[in-house]
Amino acid sequence: MNRTLLATLVLTPILLASAPQAHAQHLSADGGVQTFNYLADQYFSDVYFHFGPTAGTSAGLHQYDDKLEDYSAANIQKQIAALHAYEKKVEAVDPATLDASVAGDRAILLNSIRSTLLTLEVIRPWEKNPDNYSSGITNSAFVIMERPYASADIRLKALVSRENQMPQALLEARKNLKNPPHIYTEIALEQIDDIIGFFQTDVPSAFTDATDADTKAAFAKSNAAVIDALKSYAAWLKSDLLPRSNGDFKFGADTFAKKLSYDEMVDIPLDHLLEIAFADLHKNQAEFARVAKEVDPTKTPQQVLAELATIHPAPDNLLSTFNQTFASLIDFINTHHIITIPSKVEPTLEETPPFMRATTQASMDPPGPFETHSTKAYFNVTLPEKNWTPEHIAEHMAAFNVGTVISTSVHEAYPGHYVQFLWTPQFPSTVRKILGANTNIEGWAHYTEQMMLDQGYGQPGTGAQNEREAKLIRLGQIQDALLRDARFVNSIKLHTGQFTFDQAVNFFVTDGYQSHSVGLVETKRGTADATYLYYTLGKLQIMKLRADMMQKQGAAFNLQTFHDNFMRQGFAPIKIIRKAMLHDDSPVL
């Protein structure tokens, strides 16, 4: 899932209204809980959404709709100063004065601030990644056009205001970008034509219902200016920036470890993490070989994998194929008491937006936690491009085989990301609705892929037509697990200099059992999404938490109760959830 996660103040009413539970909690003698919640609300209004208005729109806070991120270096320095100020304020709140849940919120907020500072001051994508600008402004338009949270005229007026600020954002990019990694500029160029097409075609078609003549005229002008600015930016990227893009994408061991600690509250040494990654990789490879032998004992695992890659729907049937999985998944979850599904409304299938296609195969895009007028969630799937060769299309579709279609539906929808989104109203605080650990979010979704099959889904009558298809579904699940294992290994090896880019691509193919096309996309993603090891890292933490809960509760353990209680903790790092559910500080792995 791709989710946007970034002195007396009149607090935003909707932020206060969203978290009555937090403010109703027991107050310590010095009002620590009240102080922290007031401070957190200040931070979100003063810093988080002030410097990231697109995140405000995504969250459902539409007072930010007419604003765009100020991409100037001067504003980035203002953001850094504000973050340091709030870091000191949050540090000053004594966690001993807080209830356990709020103490967890304090740790989450403090780590989020420190992670953002690490990004701005050390990683510095604003100086290194040209796609941050072109895809960034595209996302700022997309979050207004994708949901009918207000009339077309109101939303179009907000979009015009944002578009009027976009050419300047692309000018700031030219000032800020200094010796980017070559691969970053390549990715920006790879996506720029689709982005231009998005503003030429998709954006106008989203507002055909608009009726206000003045707003429509203003939009025609602002949209044309954005298209011209993007074309100019594309030409500059190709002729000027690309030849001098010789920078290094590697984070280095120290920065990588700090980011992992801030984002996921995982401080396991990187060499030990690699041992964990390889152990899970080898276990999954052995299981793939065992199941492949049951499918066809006359073939090697690689030959069975090659056959599996060819068993997929036609590209134009891919969205409907995903949609057809929902009924059996929902029925299985309910009849086998896997987890409570808080709503009967299903997500909507659509093609992945153009600015995400270069690095994303499928994703879930739910509405923000404070959205009240448009609560539809979108299940995005990347379809083959019209100009691809037949070989490229075949490689791309291999990622949507009979097995991986099931595991992707489980991961993105039931009971993965979509079900977790449905639990958002029950999250205990504003902090846990806005800020999230990917080891929780992606770890949960990845955990459910194996858990559902372990509980019996994918057998004949429940997702599979016969025994052979059941085994192919299991192979698809293991293949997806191997993909995440390969991300785990590559993320560390790429960013500590142990792998070159080409070695990482090859590792996805040889050890992760992926096509070369997928390996290329995955490695591109890993150059910027450095800690995308969080899928397997989170899954393993959740599996250990479940095993520890089973040991503690014995015969009283109930899977649905465990999953429901896990959901109630929000998007918190697993370390915090372990403390809440086990009441101890035992290791996460």
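Read on for an overview of the structure. (Residues numbered from 1 in each chain as written. Predicted model: local features only at pLDDT ≥ 70, side-chain atom pairs only at ≥ 80, totals over all residues. Heavy atoms only, no water.)

**Let's talk about the overall build of the chain**
At step 1: Looking only at helices and strands, the chain has 26 helices and 3 strands in total.
At step 2: Relative to the globule expectation of 25 Å for 589 residues, the C-alpha radius of gyration of the chain, 24 Å, shows essentially globular dimensions.
At step 3: Taking the principal axes of the C-alpha coordinates as reference, the chain spans close to 65 × 65 × 50 Å.
At step 4: Accessible surface computed for the chain: about 22800 Å², of which carbon and sulfur atoms make up 54%.
At step 5: Placing the 50 positive and 67 negative side-chain charges of the chain at their respective mean positions leaves the two points 2 Å apart. (Helix = DSSP H or I, 4+ residues; strand = E, 2+ residues; numbered from the N terminus. Rg over C-alpha atoms; globule rule 2.2 N^0.38 Å. Areas by Shrake-Rupley, 256 points an atom, 1.4 Å probe, with all protein chains shown as cover. Lys, Arg positive; Asp, Glu negative; His and termini not counted. Charge placed at Lys NZ, Arg CZ, Asp CG, Glu CD.)

**Some words on the nonpolar core**
At step 1: Of all hydrophobic cores here, the largest spans 128 residues; its most connected members are F199 and Y414.
At step 2: The element contributing the most residues to this core is helix α11 (residues 213–241), with 10 residues.
At step 3: With near-sequence residues (within four places) excluded, Y414 lies in contact with F326, L329, I330, I333, I341, V345, E346, P347, S409, V419 and M452.
At step 4: One finds Y184, L270, A399 and F501 within the second-largest nonpolar core, a separate group that totals 51 residues. (Core = buried A, V, L, I, M, F, W, Y, C linked by side-chain atoms within 4.5 Å. Buried < 20%, exposed > 50% of the residue type's maximum accessible area, 1.4 Å probe, protein only. Contact = heavy atoms within 4.5 Å.)

**A look at the pattern of salt bridges**
At step 1: One pass over the structure, following the stated rule, counts 29 salt bridges.
At step 2: Note that R525 and D529 form a salt bridge whose closest N and O atoms lie 3.0 Å from each other.
At step 3: Classification of D529 by relative accessible area gives partly exposed; the value is 22%.
At step 4: In this structure, the salt-bridge partner of K579 is D585, at a minimum N-O distance of 3.1 Å.
At step 5: Using a relative accessible area of 41% as the deciding quantity, one classes K579 as partly exposed.
At step 6: Each of the salt bridges in this network shares a partner with another, and the network as a whole consists of E287, R290, E294, E467 and K471. (Salt bridge = Lys/Arg side-chain N within 4 Å of Asp/Glu carboxyl O.)

**Some words on the packing of helix α20 (residues 438–454) against helix α25 (residues 559–568)**
At step 1: Interaxial distance between α20 and α25 falls to 12 Å at its minimum, and their mutual angle equals 165°. The orientation of α20 relative to α25 falls into the category roughly antiparallel. Taken as a pair, α20 and α25 cross one another with a handedness that is left-handed. Contacts between α20 and α25 involve N440, W444, Y447 and M451 from the first element and L559, F562, H563, F566 and M567 from the second.
At step 2: Across the contact of α20 with α25, the residue classes tally to 7 nonpolar, 2 polar and no charged. (Axes fitted to C-alpha atoms, helices over the stretch in contact; angles between N-to-C directions. Parallel < 35°, antiparallel > 145°, perpendicular 65-115°, else oblique. Left-handed = near helix turned anticlockwise from the far one by under 90°. Nonpolar A, V, L, I, M, F, W, Y, C, P; charged D, E, K, R; others polar.)

**As for the packing of helix α5 (residues 73–91) against helix α6 (residues 100–123)**
At step 1: Where α5 contacts α6, the axes come no closer than 10 Å and their chain directions differ by 150°. Relative to α6, the element α5 lies roughly antiparallel. Read as a crossing pair, α5 and α6 show a hand that is left-handed. Contact residues: α5 offers I76, Q79, I80, L83, H84, Y86, E87, V90 and E91, while α6 offers R106, L109, L110, I113, R114, T116, L117, L120 and E121.
At step 2: Its residues assigned to classes, the contact of α5 with α6 comprises 10 nonpolar, 3 polar and 5 charged.

**Considerations on helix α15 (residues 318–335)**
At step 1: Taking 1.5 Å of rise per residue, the 18 residues of α15 would be expected to cover 26 Å, and the 27 Å separating its terminal C-alpha atoms lies within 8% of that figure.
At step 2: Turning to α15, its buried residues number three or more, namely L318, T321, F322, T325, F326, L329, I330, F332 and I333.
At step 3: Buried residues along α15 sit in contact with β1 (348–351), β3 (378–381), α16 (390–398), α17 (402–412) and α20.
At step 4: H337 sits one or two positions beyond α15 and adopts a positive phi of about 55°. (Expected span 1.5 Å × (residues − 1).)

**A closer look at the packing of aromatic side chains**
At step 1: Overall, the coordinates contain 27 aromatic pairs when judged by the stated rule.
At step 2: With centroids separated by 6.4 Å and ring planes inclined at 55°, the aromatic side chains of F207 and F219 adopt a geometry described as tilted. Highlighted residues: F207 in the loop between α10 (182–205) and α11 and F219 in helix α11, separated in sequence by 12 residues.
At step 3: By relative accessible area, which is 10% here, F219 ends up buried.
At step 4: One aromatic cluster in this structure is built from F322, F326, F379, F400, Y414, Y418 and F421. (Phe/Tyr/Trp six-rings, centres within 6.5 Å; stacked < 30°, edge-to-face > 60°.)

**Section: the sheet that holds β1**
At step 1: One open sheet holds the 3 strands; their spatial order is β1-β3-β2, and the pairing between them is mixed. In this open sheet, the two edge strands, each paired with only one partner strand, are β1 and β2 (362–365). Looking at each pair of strands side by side, their axes are set apart by 25° on average, direction ignored.
At step 2: Looking at chain direction, β2 and β3 are connected through 4 bridges and run antiparallel. Within the sheet, the bridge partner assigned to A362 lies in β3 and is V381. (Pairing = 2+ DSSP bridges.)

**Here's the deal with unusual backbone geometry**
At step 1: With an omega of 5°, the peptide bond between Y414 and P415 qualifies as cis.
At step 2: Here P415 lies in the loop between α17 and α18 (417–422).
At step 3: For H337, which is not glycine, the phi torsion reads 55° and is therefore positive.
At step 4: With respect to the helices and strands, H337 occurs in the loop between α15 and β1.
At step 5: Phi is positive for Y513, which is not a glycine, with a value near 60°.
At step 6: Topologically, Y513 is positioned in the loop between α22 (501–510) and α23 (516–528).
At step 7: Overall, Y513 belongs to the buried group, its relative accessible area being 8%.

**As for the side chain of E385**
At step 1: For E385, the location among the structural elements is in the loop between β3 and α16.
At step 2: Of the residues examined, E385 reaches a relative accessible area of 19% and is grouped as buried.
At step 3: In this structure, E385 is in contact with D194 and R357, ignoring residues within four places of it in sequence.

**What about the environment of D70?**
At step 1: Among the structural elements, D70 can be located in the loop between α4 (53–59) and α5.
At step 2: Placed 102 residues apart in sequence, D70 and E172 show a C-alpha to C-alpha distance of 8.8 Å.

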